[in-house]
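# Survey of secondary and tertiary structure
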Amino acid sequence: MQFELGNSYLDRFGFVLEQHNILSDSAITLFKEALFLSDSLQLDSYKDQSLCLLGNAYLRIGDVSKGREYFMEVIHKLRIEGNRQKEARTWQQLGYSYNRELGNYDPTLLAFQNALDLYRELDDRDNEAGVMLKIADHHFAFGKFYLAEKELLWVLDTYLSVGHQKLYDTYYMLSVVNRYRGDFDKSLFYAEACINNMEQTKDIKNAEIFYGELALVFQELGQHEESIKWYRKDLDLITKKNRNKSLIYRTTGLLALQLIKQGKASEAMLLVTDINKKFKPVTPLELATVAQNLGYCHEAMLDYPKAEKYYLEMIDQYNKSSYDDGFQTLAYRDAGNFFLKTKKNVLAQYFLNMATSKEETKLPRSVIKDIYLSNFKADSAVGNYLSAIASFQKYKSLNDTIFNDKRNKQLEELQVKYETARKESEIQQLSNNNMVQENKLKNSRILRNSIISVALVLIGIIYYRYHLKQKTNKMLAYSQIEIAQKNRHLERLVNEKDWLVKEIHHRVKNNYQMVMGLLGAQSGYLKHEEALTAIQESKQRIQALSIIHQKLYQSNNLSAINMKDYVPELVEFLKFSYNQDPKIKFSLNIEQIILDHSYAIPLGLILNETITNSIKYAFPGKSEGTITISLRNTKKGQIELVIQDNGVGIPDRYTNKAPNSMGLNLIKGLCEDIAGVCTLENKGGTRISILFHGS
C-alpha cells in the first residue's frame, strides 16, 4: 500500500510542478514507512525496493548525495550476492531517477554505462539496446544530436536482429532528433514508421505523444492540413485522459496556430475558449499557456491591444513558474515578434534578447535560427547595429549549418548508391564469368563427343568457332567496363555541376541579404526623405532578386522558377516592408507557370515596381482598395501578366507620352529584355499588362 501511494505522488510530480515539494515529501514519508516495515519483517526484496524508491524520490528533488546513497546500498548488496541481472536493473533505475533539469550529465551517463556493461557481460542484447536508447535520449537532451542519432540507429539494428517487435520508441526518438537538426524529410519518415509500428503492435498507451510528434513534423514542412489533422487526434486523446492540463493547453495552442495559418482565426478562438471552459487553469504554467494561446488569436484577429495584454500576462506567469522546457523561450520569442510587428521596437528587442539568452539545446535549430533573425530586425530598428550584425551572423551560421547538413546527407546517400552499384556490377561480372566457364564446359563436352562421332575436319571448324566466341566475349567485356567507367565519370561530373550551381545561387542570395543589411544600416544615418526612399526601393528590388535565387537553390530545377510559389512570397514581403494597411487587399490569380530565371528576374522587378507604386500612390488617405495580380497562359501560346488597382489611376501624361519616371523607364526596359509588349492604361484605376512568349 505504501509503495502504491508513494508512486502515485511521484507520478503527479511531473504534472503539478508548483506542488512538487509537497508531493515528494509525502512520497518520502510513505517509502520510509515501507522501509521500516520490510526491515522489521526481514523481507529483503521489499527492502531493496523501498531503498530504490527513496533514492528516486530524493533525486527527483535534487538531493543527489542522499538519493545516490540509497541506490548504492542496494547495488553493493547485489554485487556481493553476485546477482548481476538485478544489479544492472538497479543501475538502470538510478539513471532514470536523476533530475535532468538540474544537470547531472555525467552521473546519469555513468549509471547507464554501468548497466550497459553488465548487460553485455550477460549477453542480454534486448536490455542492452533498451539502455542504449536511454543513453541516446540523454545525449539528445544535452544537445549531442549526431551522437544520439548514431546510437539510435544502433538500437534499431540491434532490436531488429533479436526480433524485438515494439520499435515505436526508437522511431519516435529518431524523428525528434532529426527534427531538431532540421532534417524534416528524415524526421517524417521515422514519425510515420513510429505510428505504423504502434498500430501493428496495438500498443497505444503513448499514442498522444506520437501523434503530436507527427503533427510537429508536418508543421515544420508547412503541410498545415496534415498538421491540423494529427493535432486534432492528439488533442482528442489527451483531453480524454485529462492527466496533464499544461499539455492540453499547449497542444491547443499549436493547433490554433495552424488554424490561423490557414486563415481560420475565428475557429482558433472558439477552440481556445472552449478548452479554457472545460479545463480551468490554476498554476502559473497553466495560466501562462492559456494567455499565450489567447494572444495568438487576438493578434490574428488584429485586436492588438488585447493581444498585447495577453502576451504580457503570459510573460508574467511564466516568470512565476519555476519550470522551463523551452516553451518559456518560445514565449519570449512570441512577445518579441508581436512587439516588432506593432513597431514597439524597444520591447521587441528586450524580449527577443531574453529568448536568445536561454539554453539553445531545448529547441530545434530552425526555431533558434528564426529567433536570431527577429533579433537582427529588432536591434536594427533601435539602432543597435553591432548587436544586429552579431545576430545576423548567428542566423546565417545556423542557416548554413542546416543547408550543409542536408548536402552532406545527400553526399553520403550518393556514396552508398555508388558503392551499391559497384558491388552489383562486380556480382554481375562474376556471374558473367561463371556463365563463360559453364559455356566452356558445355563446349568441351560437345567437342569430346564430336571427336568420337565426326571427322577431324569438323574438329577444326568447332575449334575455330570456339576461339572466335572467346575473343568476342572478351571484347564485349572490355567494352562494358569502359562504358561503365565513362557513365560513372559523367554522373560524377553532373552531380558536381548541380552542387556548384546550387552553391552559387546560395551565395548570391546571401550576398543580396548582406547588401540589404548594409543598406538598412546606412539608412540609419540618412536624414533626407528622398535618399531614404531610394534606399528602401533598392532594398525591395534586391529582395525580389534574392527570393528568386533562394527558390533556385532550394529546388531540384536549378534554372527555372515556379511563379505560383514566387509571386505570393514577393507580395508578402512588400506588404511587410510597407506595413501595409489591412484596408488594401490583394487578389492573386497565378497559374502554375514555370519560367527560366532569365524571364523570372525581369518579371520579379516589374512586379516590385508596380505593386510598390500602387501601395504608395493608388489609395491616398488610406482609402480601401484592391490590387489584383494575374499571370496566365493565353490561348495564343503567350503569357500575360496583369497588375491592376482600383485606385485613383495614373495621370494621363504617363499614359499618352513616353515615360519620364525611373519606375516606368525601368518597367519598359525590363519588358524589352523579355521581348514583351507593355500596355499602361486607366480602367477604373491603373492597369499594366505585359504580354510575352515564355522560355
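Here, every reference points to the structure presented above.
In this text the structure is predicted, and so the values were computed from the model without any measurement.

## Overview of the packing of helix H9 (residues 168-181) against helix H10 (residues 184-201)
The contact between H9 and H10 brings their axes to 8 Å, and the two run at 160°. One element, H9, and the other, H10, form an angle in the roughly antiparallel class. For the element pair H9 and H10, the recorded crossing hand is left-handed. Between H9, through Tyr168, Tyr171, Tyr172, Leu174, Ser175, Asn178 and Arg179, and H10, the contact on the second element is made entirely by Phe184, Lys186, Ser187, Tyr190, Ala191, Ala193, Cys194, Asn197, Met198 and Thr201. Classifying every residue of the contact of H9 with H10 by side-chain character gives 10 nonpolar, five polar and two charged.

## Notes on unusual backbone geometry
Even without being a glycine, aspartate 123 presents a positive backbone phi close to 55°. Within the element layout of this structure, aspartate 123 appears in the loop between helix H6 (105-121) and helix H7 (125-141). The backbone phi angle of lysine 202 is positive, close to 60°, even though this residue is not glycine. Structurally, lysine 202 is set in the loop between H10 and helix H11 (207-220). Residue class for lysine 202 comes out exposed when judged on its relative accessible area of 71%.

## Some thoughts on the pattern of salt bridges
By the definition in use, this model includes 21 salt bridges. For lysine 205, the salt bridge identified is with aspartate 203, shortest N-O distance 2.9 Å. In this structure, lysine 320 and aspartate 316 form a salt bridge, with 3.5 Å as the shortest nitrogen-oxygen distance. Here lysine 320 and its partner aspartate 316 are both found in helix H16 (residues 304-320), four residues apart, which amounts to about one turn of the helix. We classify lysine 320 as exposed; its relative accessible area is 53%. Under the relative-accessibility criterion, aspartate 316 is labelled partly exposed at 38%.

## Here's the deal with the pairing of strand S6 (residues 677-682)
Relative to strand S7 (residues 686-692), S6 runs antiparallel, the two being bridged by six bridges. Of the residues in S7, the one forming a bridge with asparagine 682 is threonine 686. Here S6 folds back onto S7, and the loop between the two strands holds three residues, one of which, glycine 684, carries a positive phi near 65°.

## Section: the sheet that holds S6
Taken in spatial order, the five strands of this open sheet run S2-S4-S5-S7-S6, and their pairing is mixed. In this open sheet, the two edge strands, each paired with only one partner strand, are strand S2 (584-590) and S6. In this sheet, adjacent strand axes meet at a mean angle of 10° when their direction is disregarded. Across the sheet, helix H23 (residues 563-577) is in contact with S2 and strand S4 (625-633); its angle to S2 comes to roughly 170°.

## Digging into the environment of isoleucine 195
Inspection of the secondary structure puts isoleucine 195 in helix H10. We classify isoleucine 195 as buried; its relative accessible area is 3%. When the C-alpha positions of isoleucine 195 and alanine 207 are compared, they lie 7.9 Å apart, and in sequence the two are 12 residues distant.

## Describing a nonpolar patch on the surface
Residues Val457, Leu458 and Ile461 make up a contiguous nonpolar surface patch of about 260 Å² in total accessible area. Within the secondary structure, leucine 458 sits in helix H21 (residues 456-523).

## Side note on the nonpolar core
With 100 residues, the main nonpolar core has Phe140 and Met314 as its most contacted residues. Beyond its immediate chain neighbours, meaning those up to four positions away, methionine 314 contacts Ala288, Ala291, Gln292, Ala331 and Ala335. Residues Met563, Leu641, Ile674 and Ile690 belong to the second largest nonpolar core, which totals 40 residues.

## Some remarks on helix H13 (residues 245-261)
The first and last C-alpha atoms of H13 sit 25 Å apart over 17 residues, in line with the 24 Å expected at 1.5 Å per residue. On its buried side, H13 packs onto H11, helix H12 (224-241), helix H14 (265-278), helix H15 (284-300), H16 and helix H17 (327-341). Here H13 starts with a cap whose side-chain oxygen sits 3.2 Å from the backbone nitrogen of serine 246, and that cap is asparagine 244. Positive phi shows up at glycine 263, right after H13, with a value of about 80°.

Rules used in this analysis
- Residues numbered from 1 in each chain as written.
- Predicted model: local features only at pLDDT ≥ 70, side-chain atom pairs only at ≥ 80, totals over all residues.
- Heavy atoms only, no water.
- Axes fitted to C-alpha atoms, helices over the stretch in contact; angles between N-to-C directions.
- Helix = DSSP H or I, 4+ residues; strand = E, 2+ residues; numbered from the N terminus.
- Parallel < 35°, antiparallel > 145°, perpendicular 65-115°, else oblique.
- Left-handed = near helix turned anticlockwise from the far one by under 90°.
- Contact = heavy atoms within 4.5 Å.
- Nonpolar A, V, L, I, M, F, W, Y, C, P; charged D, E, K, R; others polar.
- Buried < 20%, exposed > 50% of the residue type's maximum accessible area, 1.4 Å probe, protein only.
- Salt bridge = Lys/Arg side-chain N within 4 Å of Asp/Glu carboxyl O.
- Pairing = 2+ DSSP bridges.
- Patch = residues over 30% accessible without salt bridge, like charges linked within 9 Å, V, L, I, M, F, W, Y side chains within 5 Å.
- Areas by Shrake-Rupley, 256 points an atom, 1.4 Å probe, with all protein chains shown as cover.
- Core = buried A, V, L, I, M, F, W, Y, C linked by side-chain atoms within 4.5 Å.
- Expected span 1.5 Å × (residues − 1).
- Polar contact = N/O pair within 3.5 Å; in protein donor to acceptor, adjacent residues only side chain to side chain.

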